[in-house]
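Close look at the chain arrangement
Chain residues, written in single-letter form:
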Amino acid sequence: MNPDLDPDRRLALAYVPATRRPAVDALWRLDVTLGAVLVTGRDPMVSRIRLAWWRESLEKLDRAPPPAEPVLEALARRVLPEGVTGAQLAEMEQGWSLLTEPHPLSRADLDAYAQRRGGRLFRYAALLLGEAPEPAVDHAGEAWALVDLARRSSNQAEAAAALAAACERPLPRSWPRRLRPIGMLAVLARRDAVRAPATWEPQGSPRRMLRMLGHRLTGH
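These figures come from a predicted structure and were not determined experimentally. Note that residues are indexed from 1 along each chain, following the sequence as it is written. In keeping with the model being predicted, local features are shown solely for residues with a pLDDT of at least 70 and side-chain atom pairs are shown and tallied solely at 80 or more, while totals for entire chains, interfaces and linings include all residues. For side-chain calculations, the full set of non-hydrogen atoms in the structure is used, while hydrogens and water are omitted.

Focus: the packing of aromatic side chains
When the centres of two rings from Phe, Tyr and Trp lie within 6.5 Å, Trp using its six-membered ring, the rings pair. Their planes under 30 degrees apart give stacked, over 60 give edge-to-face, and anything left gives tilted. With the rule as written, the count across this model stands at three aromatic pairs. Considering the side-chain rings of W96 and Y113, the 6.3 Å spacing of their centres and the 80° angle between planes classify their relative orientation as edge-to-face. With a gap of 17 residues between them, W96 in helix α5 (residues 86–97) and Y113 in helix α6 (residues 107–128) connect regions that are remote in the sequence. Judged by centre distance (5.9 Å) and plane angle (35°), the ring pair of F122 and W144 falls under tilted. Residue F122 is found in helix α6, and its partner W144 is found in helix α7 (residues 135–152); the two are separated by 22 residues along the sequence. Partly exposed residues are those whose accessible area sits between 20% and 50% of the maximum for their type, while under 20% is buried and over 50% is exposed, using a 1.4 Å probe and protein chains only. Using a relative accessible area of 1% as the deciding quantity, one classes F122 as buried. In this description a helix means any DSSP run of H or I spanning at least four residues, a strand means any run of E spanning at least two, and both kinds are numbered starting from the N terminus.

Section: the nonpolar core
The set of buried Ala, Val, Leu, Ile, Met, Phe, Trp, Tyr and Cys residues whose side-chain atoms join them within 4.5 Å is what this entry labels a nonpolar core. L27, W28, L30, L75, L89 and I182 are the most contacted members of the largest nonpolar core, which has 66 residues in total. In terms of residue count, the dominant contributor to this core is α6 (ten residues). Contacts: residue pairs with any heavy atoms within 4.5 Å of one another. Those residues in contact with L75 that sit more than four places away from it in its chain are A26, L27, L30, L58, L61, L80, P81 and L89.

Let's talk about the side chain of T100
Mapped onto the elements of the fold, T100 is located in the loop between α5 and α6. On the basis of relative accessibility, which here comes to 5%, the residue T100 falls in the buried class. For this analysis, a polar contact is any N or O atom pair within 3.5 Å, provided that within protein one partner can donate a hydrogen and the other can accept it, and provided that sequence-adjacent residues contribute only side-chain to side-chain pairs. At a separation of 2.6 Å, a polar atom in the side chain of T100 contacts the main-chain carbonyl oxygen of S97. Apart from the residues within four sequence positions on either side, T100 is in contact with L38, P44, S47, R48 and L51.

A word on helix α10 (residues 206–218)
A helix is expected to span 1.5 Å for every residue after the first. With 13 residues, α10 should cover 18 Å at 1.5 Å per step; its first-to-last C-alpha distance of 19 Å lies within 8% of that length. Taken together, the buried positions of α10 are R208, M212 and H215. The buried residues of α10 occupy an angular sector of 60° when projected down its axis, which confines them to one face. Counted as exposed and oriented over 90 degrees from the buried face of α10: P206, R207, L210 and L217. Summarising the contacts, the buried residues of α10 are in contact with α1 (7–14), α7 and α9 (180–193). Directly beyond the C-terminal end of α10, a positive phi value near 80° is found at G219. Directions drawn from the helix axis to the C-beta atoms are what define this arc.

Here's the deal with the pattern of salt bridges
Salt bridges are defined as contacts in which a side-chain nitrogen from Lys or Arg sits within 4 Å of a carboxyl oxygen from Asp or Glu. All chains considered together, the criterion is met by 20 salt bridges. A salt bridge links R9 to D6; the shortest N-O distance between them is 2.9 Å. For E201, the salt bridge goes to R195, with nearest N and O atoms at 3.0 Å. Here E201 falls in the buried class, since its relative accessible area comes to 8%. Through salt bridges with shared partners, a single ionic network connects D8, R151, R191, D192, R195, E201 and R208.

Written as structure tokens, this is what we have:
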């Protein structure tokens, strides 16, 4: 399985320094892979089983070579040598697994999903980009994950709750140059969170590209 990134992340990845790009690419493809389990799974129980396999496989990376699976091989080769462990990567599965529950997501569920998926994703990306992560970076990742959930959800009430929770997350006042590739994603998420869903541009659209380029130049 070799999942593709969404257009926004593909553009952000292009601004990651070449020496760090393979590691960030591998991390982001893990996130896409975990999400694809939910998209392609019709039975929540089967999705939970498949996510559990990924969690266990990620944890095993700390003590054994990866199986012949492209995403796991890339993580073992590119991400673990940079100091992010398999056990840490496995924490992201806990966020995705919350979306397999049959009941509507509560505010506590949304917060836990945001922290374990988006907060962890941005934290690990910051480490791979050469910066010590700060709480504001985690919060930015949480907001990004909540907006991403809202963009994909067919449940209007759930999407509205996710957007409201995203707006409560503070963003860094200014992003250091090394972190601007993930800052690009954060400012797009905030842009979406404060606008009506009917006005959202498609990912990768020219206006979003211009906003990303502006952030790359200014850090805002």
